[in-house]
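# Structural description and commentary
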Amino acid sequence: MSSILQAFASLSAAGALLVSGALETAAPQNSDTSMLLLVNREWRISENYLPEVRVSDVPGQVRRLRREAAAALEAMFAAARKEAHVTLVSVSGYRDYGKQERIYGSKLKSVHGDEEAADEYVARPGTSEHQTGLTMDIGQSSGKDTLESGFGGTRGGRWCRENAWRFGFILRYDEGWEDITGYSFEPWHFRYVGVEHAARIHENEMPLEEYLKIIRTGILLDLVSARE
Ligand SMILES: [Zn+2]
């Protein structure tokens, strides 16, 4: 951190402003095309974000994902079959803003308009990572522990935790990360970020939010050193 501060200190105020503007532009969590696009309860996705998705060729339902993620999911499920003799299924992939709006709306109705209660169960439109087209809720063909914390202890769940990174997916909401991610432990929810990032995130056992801080620091240092 001190090296960033030193670098900043060496810049004029106007220069620092330029760098911070460039950083915002370069920030991968804001980019629709980046695999590091961030969506959580604070970083909302636009209603107009409509990724190009396709149906993944895997068993299950709601199988649509962005192209890169769909291909990776197919490879991952094939490997799980071969290595762990388990048939993984897609439970829920891409949802658009309108769909999330309807889901939240009906939950809100069922709790008589109590927003706090609704928020506990359903993400508000714009705050669900499923809207990126890069996220898949994974289950097993046996249907055992579908969308339950017990999935993490099943053969399929364990295999996913250990191996998803090889295909570019990360376990997005691990135990103990609630304060950072804003979501409870979800051993079934996997997010595509590409193999390079997934390998680093898996190795460091950190939430995407923390990893993005490191990435931003790297971009900042590059910007600063380019000006020197
Ligand atoms: Zn999910």
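Located above this text is the structure these notes cover.
For the structure given in this document, a descriptive report is provided here. (Residues numbered from 1 in each chain as written. Predicted model: local features only at pLDDT ≥ 70, side-chain atom pairs only at ≥ 80, totals over all residues.)

### A few points about the sheet that holds strand β6 (residues 186-192)
The strand order across the open sheet built from four strands is β3-β4-β6-β5, with neighbouring strands paired in antiparallel fashion. A strand with exactly one partner marks an edge of an open sheet, and here the two such strands are β3 (88-92) and β5 (169-173). Recorded for the sheet is a direction-independent mean angle of 45 degrees between the axes of neighbouring strands. Taken together, the four bridges between β5 and β6 define a ladder with antiparallel strand orientation. Residue pairing across strands places Ile 170 opposite Arg 191, the latter belonging to β6. (Pairing = 2+ DSSP bridges. Helix = DSSP H or I, 4+ residues; strand = E, 2+ residues; numbered from the N terminus. Axes fitted to C-alpha atoms, helices over the stretch in contact; angles between N-to-C directions.)

### Re the nonpolar core
By size, the foremost hydrophobic cluster in this structure holds 35 residues, and its most contacted members are Leu 73, Met 76, Ala 164, Phe 169, Ile 170 and Phe 190. Mapped onto this core, the elements with two or more residues apiece are α3 (67-84), β3, β4 (135-140), β5, β6 and α8 (195-204). The greatest single-element share of this core, amounting to seven residues, is contributed by α3. When residues no more than four places from it in sequence are discounted, the contact partners of Phe 169 are Ala 72, Met 76, Ala 164, Phe 190, Arg 191, Tyr 192 and Ala 198. (Core = buried A, V, L, I, M, F, W, Y, C linked by C-beta atoms within 7 Å. Buried ≥ 20, exposed ≤ 12 C-beta atoms within 10 Å, placed from the backbone. Contact = placed C-beta atoms within 7 Å.)

### Observations regarding the pairing of β3
Counting buried positions over the five residues of β3 gives four, a clear majority of the element. Note that β3 and β4 share four bridges and pair antiparallel. Residue Ser 92 lies in a different strand from β4, and its bridge partner there is Asp 137.

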